[in-house]
Amino acid sequence: MSFSRRAALLSAALLMVAQPVLAATPASPPVAKAAAAKTGPARAKAFVSDFTPSPEAIRAHMTFLADDLMEGREAGTRGYDIAANYVAAQYALLGVKPAGDKGGYAQRVPMLAFKNASEGAFSLTGADGAPVALKFGEDYIPSAQAQAADVTVDAPLVFVGFGVVAPEKGRDDYAGLDVKGKIVVLLTGAPTAFQTEERAHYGNGTVKRLEAAKRGAVGVITMSTTSGEKRRPFERGVNGYREWRMTWREANDVGHVRGVSSPTLASISLKGAAKLFAGAPTPLDAVLAAAETPDGAVKGFDLPAKASVTIKTEIEKRESSNVVGLIEGSDPTLKAQTVILSAHLDHIGINERAKPGEDRINNGALDNASGIATLLEVARGFKNAKVKPKRSIVLLAVTGEEKGLIGSEYFANNPTVARANIAADVNLDMPVLLYPFTDVVAFGADRSTLGAAVAKAAGRVGIALSGDPLPEEGLFTRSDHYRFVEQGVPSVFLMTGFQNGGEKAFKTFLATQYHHPGDDLQQPIDYAAAAKFALVNYEIARELANAPARPVWKKGDFFGNQFAPAGHPSTAK
């Protein structure tokens with residue numbers, strides 16, 4: 001890749017020249033017509049959208065955002081800020097209203113970056129009083145702390161299985177255990193018998209830390225299952241143990257950490273776990289075998305040793321921003337409600353560990369310049385539409401997704417629009433636009449009335465709606481829409497599906513280009529597919545914006561029960 005400021009600026013100029021031409025394009029999209037022609041009974045009456053997405057406009061956006069000038073768009077860097085200014089300029093060019101702070105497009109996101117300052121120390125003291133030191137990189141990796149540069153915890157150890165508390169399943173891994181003032185040791189993940197998205201929720205580290213904190217634990221140590229170790233070997237964590245983590249700063253300038261009274265102290269390898277379980281009531285091999293059963297019925301118990309863990313953390317204040325625009329609805333009543341279209345603008349920046357001569361810039365063309373380009377093109381569709389949406393549309397380009405969904409969490413907790421009036425979120429993250437897709441996957445769609453709207457809108461343009469092809473990955477909880485789910489907002493995350501060559505394209509991308517400098521514009525990006533993806537998302541957003549009733553969770557849905565209390569506007573009656 002070349003550091004091409006000229007190419008980036010030319011792409012911006014191209015886009016500005018193209019906008020008036022695109023606005024005047026007749027509303028007879030070949031994408032929609034071609035799709036409709038393939039849908040059997042629909043042939044008699046081909047669907048024609050009022051919006052023609054432009055492959056050229058999407059290409060122009062991606063050319064700018066994925067250029068080396070952006071230096072990988074890492075949150076809190078100059079490159080990200082340039083990209084944020086570009087998105088704000090496009091909002092202004094379209095006539096989108098500012099909806100950030102102080103009458104502008106930017107919503108300031110105060111951030112805290114933290115990383116391990118050393119290898120730390122981890123030792124055990126058994127019943128005989130003899131100390132056993134664990135080795136960094138072989139036995140343990142310390143977990144950097146957002147709220148204190150120096151942390152030392154000395155406490156007894158208690159194994160709590162998966163650390164899952166699921167009342168609706170009659171499960172409490174803490175039953176009969178006293179963990180107050182102690183460090184809990186728990187397995188990562190959750191039992192495979194759990195429904196995939198619910199498993200992802202219960203397997204989340206923050207959810208587990210909150211349960212430990214409720215019971216008075218003073219720290220958490222995580223260990224992998226046998227299958228988990230195969231999927232994500234311990235050694236991977238060693239390579240990145242000094243990478244910056246991030247959170248957002250609360251009003252008192254303290255890092256936002258849920259379950260802070262029970263911090264995650266370290267992760268241990270299976271080799272390190274053997275040292276913790278030496279002399280335990282149940283051998284480690286038996287514990288790991290039980291964890292692999294569908295029910296994962298692993299019983300907890302006190303471990304023989306006491307642990308001493310010391311962590312040293314480097315902490316810095318940083319600044320970033322979300323970019324927020326508003327397309328006001330046309331209905332006098334419904335326009336108070338908002339449908340959020342979200343996409344993360346950040347990527348992972350520059351690879352400081354690259355060898356001399358290697359490409360160091362992670363351009364993030366498909367992760368997620370493609371999502372932002374889709375967002376901007378959908379916005380153009382709404383601004384040029386003859387019939388304006390009834391509900392208002394919020395365009396939300398967020399920072400810090402790669403650091404733990406930070407920008408979306410900040411917005412969800414500090415929205416610039418009325419919280420109670422957020423009706424839905426449609427999230428655009430990493431559409432793999434390398435093939436002519438014929439289906440999409442809408443994670444979470446079947447949990448609320450969003451599902452019917454998504455199916456109807458996708459069907460209009462001849463696109464099939466497919467189920468989750470990667471249930472073991474728990475993707476529903478791993479992108480920005482989930483921060484809205486946690487606020488009780490019905491949400492959906494859309495990606496291109498596995499039909500028509502999609503499985504090979506997606507898995508090849510994950511294996512070779514994901515979070516790699518190869519995710520750049522040299523890939524064979526299918527901009528016609530990009531336009532089709534924009535059309536699908538436009539129709540979904542339009543369906544939601546014009547529906548008579550706002551979306552609600554299906555009665556009895558797990559996530560609705562978890563996050564939308566009785567009386568919440570998204571609770572099914």
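If you're wondering where the values come from, they're calculated on a predicted model, not measured in any experiment.

**Digging into the packing of helix α11 (residues 365–384) against helix α16 (residues 527–546)**
At their nearest, the axes of α11 and α16 sit 9 Å apart, and the two run at 55° to each other. As far as their axial angle goes, α16 and α11 are oblique. The handedness of the crossing between α11 and α16 is right-handed. Taken together, the residues of α16 that come into contact with α11 (itself represented by T374, E377, V378, G381 and F382) are F533, A534, N537, Y538, A541 and R542.

**Some words on the packing of helix α4 (residues 78–94) against α11**
For the pair α4 and α11, interaxial distance at closest approach is 10 Å and the crossing angle is 10°. Judged by the inter-axis angle, α4 sits roughly parallel to α11. On the side of α4, the interface is formed by Y86, V87, Q90, Y91 and L94, while α11 contributes I372, L375, L376, A379, R380 and K383. Residue composition of the contact of α4 with α11, by class: 8 nonpolar, 1 polar and 2 charged.

**Quick word on the pairing of strand β10 (residues 219–223)**
Most of β10 sits inside the fold, with 5 of its 5 residues counted as buried. In β10, alternate side chains face the same way, and those of G219, I221 and M223 on one face and V220 and T222 on the other are all buried. Bridging between strand β9 (residues 183–187) and β10 involves 5 bridges; their strand directions are parallel. Counterpart to L187 in the pairing with β10 is M223.

**Focus: α16**
With 20 residues, α16 extends 28 Å from end C-alpha to end C-alpha; this agrees with the ideal 28 Å at 1.5 Å per step. Measuring from the side-chain oxygen of the N-cap residue of α16 to the backbone nitrogen of A528 gives 3.1 Å; that N-cap residue is D526.

**Digging into the side chain of R73**
One can find R73 in the loop between α3 (55–65) and α4. D367 provides the closest opposite charge to the buried, salt-bridge-free R73, at an N-O distance of 6.6 Å.

**Here we look at the pairing of strand β12 (residues 264–268)**
Bridge count between strand β5 (residues 140–142) and β12: 3 bridges; the pairing is antiparallel. Its bridge partner being in β12, P142 is matched across the sheet by A266. Here β10 runs beside β12; their pairing, made up of 4 bridges, is parallel. Considered in β12, the bridge of V220 is made with T264.

What counts and how
- Residues numbered from 1 in each chain as written.
- Predicted model: local features only at pLDDT ≥ 70, side-chain atom pairs only at ≥ 80, totals over all residues.
- Heavy atoms only, no water.
- Axes fitted to C-alpha atoms, helices over the stretch in contact; angles between N-to-C directions.
- Helix = DSSP H or I, 4+ residues; strand = E, 2+ residues; numbered from the N terminus.
- Parallel < 35°, antiparallel > 145°, perpendicular 65-115°, else oblique.
- Left-handed = near helix turned anticlockwise from the far one by under 90°.
- Contact = heavy atoms within 4.5 Å.
- Nonpolar A, V, L, I, M, F, W, Y, C, P; charged D, E, K, R; others polar.
- Buried < 20%, exposed > 50% of the residue type's maximum accessible area, 1.4 Å probe, protein only.
- Pairing = 2+ DSSP bridges.
- Expected span 1.5 Å × (residues − 1).
- Polar contact = N/O pair within 3.5 Å; in protein donor to acceptor, adjacent residues only side chain to side chain.
- Lys, Arg positive; Asp, Glu negative; His and termini not counted.
- Salt bridge = Lys/Arg side-chain N within 4 Å of Asp/Glu carboxyl O.

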